[in-house]
Amino acid sequence: FFLTNVINHHFYQTKLLNTIFNNKTFQIYFLIFLTLLILLGRQLDTGMKNYDDAFYAQKAKEIYESRDLWVVTFAGVPDFANPPLPLWCMALAYSVFGVSSFSAIFPSALFGVGIVLLTYRLASHFYKDSWIAFIASLVLIFPGIFIDYSRRAMVDIPLTFFVTFALFAFLKTKTNKRWYLAFGLATAGGILSKSVLGIFPLAIVFLYLLLKRQWKELMNPFLALGTILAIGLGFSWHWINWLEFEQLFLDVHFGALFFGGDCGNSGFRCNFSGYLKDFLEYYWPWLPFALIGLYKFGKRGFIEKDENSLFIFLWATLVFVILSTSNNQTIRYLFMIFPALSIIVAKTLYDWLGPAWKERVVGVLTGVACLTALFVNSTPFQVKVTLKESSNGVRQLASVIKLNIPENEMLGNFKLDFWRPKHAMLFYSDRDMEPPINKDELLRQSQHNPKKMWLSGTAEFKTLNAEVPGIFYLIQANSKYAFFTSSLNRDFVL
């Protein structure tokens, strides 16, 4: 009798749990709350990595302080590497929360939440099934590489949001052609986030319509207007900077973009090795399901003429193939296809699993998600990039460096790297760093300008002090960096 009651009680709880998790409203609120906890948890004290986070955060800070939305600067010098929309979002966060690493990261976290919700809506639109939609959203959250970059002050997550929203808007045009305007605006947002990489929604949609031979749709005036909005607004920053800086802007922006940066190519020859290596490292346990699903989606799309399968297949493969012409391959450039891969994985699992296993998958993934939120917010363990404290040495010295170095002067650099910790130092102390020098140049500068101050590695300073004792005065140091000046300047140190 006791065992029967226990079994009945367990059956009732399981049935109740499944009923709750099959409720679309509950699923959406659960995903919002969960992703906010994971993406914003433990962000107040971990700091930012020197490169790339502090690099973008500093540019956003200069936009916030100068109020100049169109000319992006770094250390007061025009910087043409990146369009400004993600930086505008950071600057807006600075105006609300103050200038801090949390403010810099806040927009990426919100965009990450938005991508999860758009993935849910897309899967629900395609298959009208809450299980597929919910599982696709959880698959997107895990593996942790998506979480990691949604917790960083970078531009890949904003780009992914606008690409995903643009494709969602295109699907909505089947019932209301005015959604083409949203499609154009979202595409413009992608271009203003990461330049020509934001054009992918246009490429996917036009290829899809061509393959479906929807000639009438290609001539739709709303599609034309949406395309004009995408190109006109999306490249507005490029146009304004070209008018002001002319050939310099073109050489720097497109030169870095096509020959030394995100889209660098070597004769447009596909090289899949870099991305395949990253997927083999970061996309478990979903990689086998994604590969098998891609085959099935391609078969359904081209042979069985299934529109949904063709659209998702083109989304995933077109971006992958084009970006495989790049010299600089890293998985974050492919975040744009993660929503499509998540839907492919969820649909593949749905087709394979029986009802009992589907319930188990929901339970396991929900449990993992809850434990992750608990781990991020309730433990001190430092794992992954964004749960480890970054730029500690810089943050500990930043206030005394700012106090002692006048606003328009630069911090000397003794045998440190040219770039590290240049970006973090500028963000946290508002003082830029000079290029590195050797000991002879250091001794020459200290004689010529006794009031000058330098930063070095702590070990380097110990060696220097042993070789030329009494010449330099240590102002403050930690385990990583030493901030020092000439002994002649000792009485003037604050």
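Since the structure is predicted, the reported quantities are computational estimates derived from the model, not experimental observations.

### A closer look at empty space enclosed by the protein
And then number 1: Tallied over the entire structure, the rule returns two cavities of 30 Å³ or more.
And then number 2: In this structure, the second largest cavity spans a volume of roughly 30 Å³.
And then number 3: At the level of secondary structure, the elements contributing two or more residues to the lining of the second largest cavity comprise α2 (24-40) and α7 (144-150).
And then number 4: Broken down by class, the residue content of the lining of the second largest cavity amounts to six nonpolar, one polar and no charged.

### Some details on a nonpolar patch on the surface
And then number 1: On the surface, Y51, F418 and W419 cluster together to form a nonpolar patch covering roughly 300 Å² of accessible area.
And then number 2: Along the chain, the position of W419 falls in the loop between β3 (412-414) and α22 (422-429).
And then number 3: Overall, the relative accessible area of 42% leaves W419 in the partly exposed class.

### Some thoughts on a positive patch on the surface
And then number 1: On the surface, K49, K388, R420 and K480 cluster together to form a positively charged patch.
And then number 2: If you trace the backbone, R420 turns up in the loop between β3 and α22.

### Some details on helix α17 (residues 307-323)
And then number 1: An ideal rise of 1.5 Å per residue puts 24 Å on 17 residues; α17 measures up with 24 Å between its terminal C-alpha atoms.
And then number 2: Within α17, 13 of the 17 residues are buried, which leaves the element mostly enclosed by the surrounding structure.

### Here's the deal with the pattern of salt bridges
And then number 1: Across all of its chains, the model carries 17 salt bridges by this definition.
And then number 2: Across the pair K177 and E217 runs a salt bridge, and its minimum N-O distance is 2.9 Å. One end of the pair, K177, is in the loop between α8 (156-172) and α9 (179-194); the other, E217, is in helix α11 (residues 215-218), and 40 residues separate them in sequence.
And then number 3: When its relative accessible area of 28% is taken as the criterion, K177 is described as partly exposed.
And then number 4: With its nearest N and O atoms 3.0 Å apart, the salt bridge here joins D351 to R300. With a gap of 51 residues between them, D351 in helix α18 (residues 338-352) and R300 in helix α16 (residues 287-302) connect regions that are remote in the sequence.

### A look at the layout of surface pockets
And then number 1: If you add up the space inside the second largest pocket, you get close to 410 Å³.
And then number 2: Forming the walls of the second largest pocket are 21 residues, and the residues nearest its centre are A75, G76, E407, L426 and D430.
And then number 3: With six residues, the single largest contributor to the lining of the second largest pocket is helix α3 (residues 53-66).
And then number 4: A class-by-class count of the residues in the lining of the second largest pocket yields six nonpolar, five polar and ten charged.

### Concerning the packing of aromatic side chains
And then number 1: For the structure on display, the rule yields 48 aromatic pairs.
And then number 2: Look at W70 and W88: their rings are 5.2 Å apart centre to centre, the planes differ by 85°, and that puts the pair in the edge-to-face class. Highlighted residues: W70 in the loop between α3 and β1 (73-74) and W88 in helix α4 (residues 85-97), separated in sequence by 18 residues.
And then number 3: With a centroid separation of 5.3 Å and an interplanar angle of 80°, the aromatic rings of F161 and F162 are classed as edge-to-face.

### Some remarks on the sheet that holds strand β6 (residues 481-486)
Strand pairing in a sheet relies on backbone hydrogen bonds, with the paired strands running either antiparallel or parallel.
And then number 1: Across the sheet, which stays open at both edges, the four strands sit in the order β3-β4-β6-β5 with mixed pairing between neighbours. Edge positions in the sheet fall to β3 and β5 (472-477), since each of these pairs with one other strand and no more. Mean inter-strand twist for the sheet, computed between neighbouring axes without regard to direction, equals 35°.
And then number 2: In the sheet, β3 pairs with strand β4 (residues 453-457) via three bridges, with the strands oriented parallel. Across the sheet, G412 pairs through a bridge with W454, a residue of β4.
And then number 3: Here helix α24 (residues 458-467) sits on the sheet in contact with β3, β4, β5 and β6, set at roughly 110° to β4.

### Observations concerning α18
And then number 1: With 15 residues, α18 extends 21 Å from end C-alpha to end C-alpha; this agrees with the ideal 21 Å at 1.5 Å per step.
And then number 2: When we look at burial in α18, the residues that qualify are F338, P339, A340, L341, S342, I343, I344, V345, A346, K347, T348 and L349.

### What about unusual backbone geometry?
With the exception of glycine, the majority of residues adopt a negative phi angle, and the majority of peptide bonds are in the trans configuration.
And then number 1: For the bond from Y51 to D52, the omega torsion is 25°, close enough to zero to count as cis.
And then number 2: Within the secondary structure, D52 sits in the loop between α2 and α3.
And then number 3: Residue P285 is bonded to the preceding W284 through a cis peptide linkage, with omega at 5°.
And then number 4: Among the secondary structure elements, P285 is positioned in the loop between α15 (273-282) and α16.
And then number 5: Phi at R42 is positive, roughly 55°, even though this residue is not glycine.
And then number 6: Along the polypeptide, R42 turns up in the loop between α2 and α3.
And then number 7: The residue D430 is not glycine, and still its phi comes out positive at about 65°.

Rules used in this analysis
Residues numbered from 1 in each chain as written. Predicted model: local features only at pLDDT ≥ 70, side-chain atom pairs only at ≥ 80, totals over all residues. Heavy atoms only, no water. 1 Å grid on protein atoms, 1.4 Å probe; cavity = no way out; pocket = protein on both sides within 12 Å on 5 of 7 lines; lining within 4 Å. Points joined across faces, edges and corners; volume = space filled by probe spheres on them. Helix = DSSP H or I, 4+ residues; strand = E, 2+ residues; numbered from the N terminus. Nonpolar A, V, L, I, M, F, W, Y, C, P; charged D, E, K, R; others polar. Patch = residues over 30% accessible without salt bridge, like charges linked within 9 Å, V, L, I, M, F, W, Y side chains within 5 Å. Areas by Shrake-Rupley, 256 points an atom, 1.4 Å probe, with all protein chains shown as cover. Salt bridge = Lys/Arg side-chain N within 4 Å of Asp/Glu carboxyl O. Buried < 20%, exposed > 50% of the residue type's maximum accessible area, 1.4 Å probe, protein only. Lys, Arg positive; Asp, Glu negative; His and termini not counted. Charge placed at Lys NZ, Arg CZ, Asp CG, Glu CD. Expected span 1.5 Å × (residues − 1). Phe/Tyr/Trp six-rings, centres within 6.5 Å; stacked < 30°, edge-to-face > 60°. Pairing = 2+ DSSP bridges. Axes fitted to C-alpha atoms, helices over the stretch in contact; angles between N-to-C directions. Contact = heavy atoms within 4.5 Å.

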